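# Per-entry structural report
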Amino acid sequence: MNRSCVVVAGLLAVAAGVAQAAPPAITSVRQAMPPELAQQMRQGLIPAQAPDAGFPVPRYEKLELRIELAATFQNPFDPEQVDLSAEFTAPSGKVWKIWGFYNPSSSTALWMVRFAPTETGTWRYVVKVKDHEGTAESKPAEVTVVESKRPGFVGLAANKRYLQYSNGSPFYGVGLWYNDGYERFGSGSITEENLDSLKQHGANFISFYNTPLETMATGLGRYDEDRAGRLDQLFDWCEKRDMAISWNIWFHSNFSEAVWGGGNARYSANPYRLVASADKYFSSDEAWKYTEKLYRYQVARWGYSRSLAIWFVDDEINGTEGWTRGGSQGAEAWCLK
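Now for a description of the structure that goes with this document.

Rules used in this analysis
- Residues numbered from 1 in each chain as written.
- Predicted model: local features only at pLDDT ≥ 70, side-chain atom pairs only at ≥ 80, totals over all residues.
- Heavy atoms only, no water.
- Helix = DSSP H or I, 4+ residues; strand = E, 2+ residues; numbered from the N terminus.
- Buried < 20%, exposed > 50% of the residue type's maximum accessible area, 1.4 Å probe, protein only.
- Contact = heavy atoms within 4.5 Å.
- Areas by Shrake-Rupley, 256 points an atom, 1.4 Å probe, with all protein chains shown as cover.
- 1 Å grid on protein atoms, 1.4 Å probe; cavity = no way out; pocket = protein on both sides within 12 Å on 5 of 7 lines; lining within 4 Å.
- Points joined across faces, edges and corners; volume = space filled by probe spheres on them.
- Nonpolar A, V, L, I, M, F, W, Y, C, P; charged D, E, K, R; others polar.
- Core = buried A, V, L, I, M, F, W, Y, C linked by side-chain atoms within 4.5 Å.
- Salt bridge = Lys/Arg side-chain N within 4 Å of Asp/Glu carboxyl O.
- Phe/Tyr/Trp six-rings, centres within 6.5 Å; stacked < 30°, edge-to-face > 60°.
- Lys NZ or Arg CZ within 6 Å of the ring centre and 35° of its normal.

### A look at the overall build of the protein chain
- Scanning the protein chain for helices and strands turns up 7 helices and 15 strands.
- Counting only residues that meet the buried cut, the protein chain has 48% of its 337 residues in that class.
- Summarising the internal contacts of the protein chain: among those between residues at least 6 apart in sequence, 68% fall at separations of at least 24.
- Of the roughly 16400 Å² of accessible surface on the protein chain, 52% is carried by carbon and sulfur atoms.

And the structure:
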């Protein structure tokens, strides 16, 4: 029985008081072919491999698991209703718990886990799912991680004075800010040609803000998959070119009703206005509940990426009512959370 049937049948049964819904089940876990391996196959450099085979993954590259499951829920984006995760055990014994996510923009799987392994050798993993009816987990599996040419993630040096990659080499950012919202897949001012040109001129990072994933159409707690698919595209492009990203999660205009005026004030189109006025957003417990789930989704879907160098929380936060009228201390506390 497919997932949709399980969900509908389970909800109807509970509503009618006839029977309880079945506990969740994981029916399939497949590893996606790493991008570099797929390119080598297309170029005929290595023989074709079966789509269900396990593939070696280069260190710091994306390991993507595509998962089929049955569960009972109304909102697949809400981890309080259906909570997907995977536990990866490194060769050193360190255990990583990685959140999964719902991805209806994919034609290959509705559920995914993305992870970038940081050690070479044999990793073990198990996928887990939880809903209100119970828990389930997959059979344990293994994946081999091989060395790669990638320097790793951008982070702070031990002396907190400069940025460096995981392998200790320095990172000095030279790049460009794209002032664009990227509302549709395949559109926006960032293109592969532009990125190639920047790379040729010595740039190694870009900064941009995305149009919010929650809209008045999706409602709070549900995410526009056209916009999410556009972000997938941008991260893939930057990974291929070893370019870093400074991701501006919120732009001030999305939390402004009048501070910047005109078309720059967009809180009227922000679904968070349904639970808090603009001046109360940063101090609203209800707004934070949805914000925290949004951040979890963003971490689950894009946090794997070695291109993600900087989480830029709110651009020009002083251009919002939450700062000018609600109080800067509350806005700063929100940033710290």
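### A look at the layout of surface pockets
- The computed volume of the second largest pocket comes to approximately 330 Å³.
- Around the second largest pocket sit 16 residues that line it, and Trp96, Ile98, Val299, Gly303 and Tyr304 are the ones nearest its centre.
- Per element, the largest residue contribution to the lining of the second largest pocket is 4 residues, and it comes from strand β5 (residues 95-102).
- For the lining of the second largest pocket, the class distribution of residues is 11 nonpolar, 3 polar and 2 charged.

### Digging into empty space enclosed by the protein
- Tallied over the entire structure, the rule returns 1 cavity of 30 Å³ or more.
- In this structure, the largest cavity occupies an estimated 120 Å³ of space.
- Taken together, 15 residues line the largest cavity, and the ones lying closest to its centre are Pro76, Phe77, Gly100, Phe101 and Arg296.
- When contributions to the lining of the largest cavity are tallied by element, the ones reaching two or more residues are β4 (82-89), β5 and α5 (285-302).
- Residue composition of the lining of the largest cavity, grouped by class: 10 nonpolar, 1 polar and 4 charged.

### Describing the nonpolar core
- Ranked by size, the top nonpolar core spans 68 residues in total, and within it Ile67, Phe88, Ile206, Phe208, Trp247, Trp250 and Tyr281 carry the most contacts.
- It is α5 that provides the largest number of residues to this core, a total of 7 residues.
- Ignoring any residue separated from it by four or fewer positions in sequence, one finds Trp247 in contact with Phe208, Asn210, Leu231, Phe235, Gln298, Trp302, Leu308, Ile310, Trp311 and Phe312.
- Among the nonpolar cores identified, the runner-up in size contains 5 residues, and Val154, Tyr165, Phe171 and Ala309 belong to it.

### Some words on unusual backbone geometry
- Positioned with a positive phi, Tyr60 is a non-glycine residue whose angle comes to about 70°.
- Positive phi outside glycine occurs at Asp242, with the angle close to 55°.
- Along the chain, Asp242 falls in the loop between α4 (225-240) and β14 (244-251).
- On the basis of relative accessible area, Asp242 is assigned to the partly exposed category, the value being 32%.

### Thoughts on the pattern of salt bridges
- If you walk through the whole model with that rule in mind, you get 21 salt bridges.
- Residue Arg150 is joined to Glu61 by a salt bridge in which the shortest nitrogen-to-oxygen separation is 2.9 Å. Taken together, the positions of Arg150 in the loop between β9 (141-146) and β10 (154-156) and Glu61 in the loop between β2 (57-58) and β3 (63-70) put the pair 89 residues apart, joining distant regions of the chain.
- By relative accessible area, Arg150 is classed as buried at 9%.
- With a relative accessible area of 7%, Glu61 lands in the buried category.
- Arg306 is the partner of Glu61 in a salt bridge, and the nearest nitrogen-oxygen pair spans 3.1 Å. Separated by 245 residues along the polypeptide, Glu61 in the loop between β2 and β3 and Arg306 in the loop between α5 and β15 (308-315) bring together distant segments of the chain. For the pair shown, Glu61 and Arg306 are each scored as buried.

### What to know about the packing of aromatic side chains
- Counted according to the given criterion, the structure contains 32 aromatic pairs.
- For the pair Phe255 and Tyr267, a centre-to-centre distance of 6.2 Å together with 50° between the ring planes defines the contact as tilted. In this pair, Phe255 is assigned in the loop between β14 and α5 and Tyr267 in the loop between β14 and α5, connecting sequence segments 12 residues apart. The same class applies to Phe255 and to Tyr267, which are both buried.
- Of the aromatic side chains, those joined through ring pairs into one cluster are Phe73, Phe77, Phe101, Tyr102, Trp111, Tyr223, Phe235, Trp247, Tyr297, Trp302 and Trp311.
- When the ring centre of Trp288 is taken as reference, the NZ or CZ atom of Lys337 above it lies at 4.4 Å.

Functional significance is not addressed by these values, which are geometric in nature.
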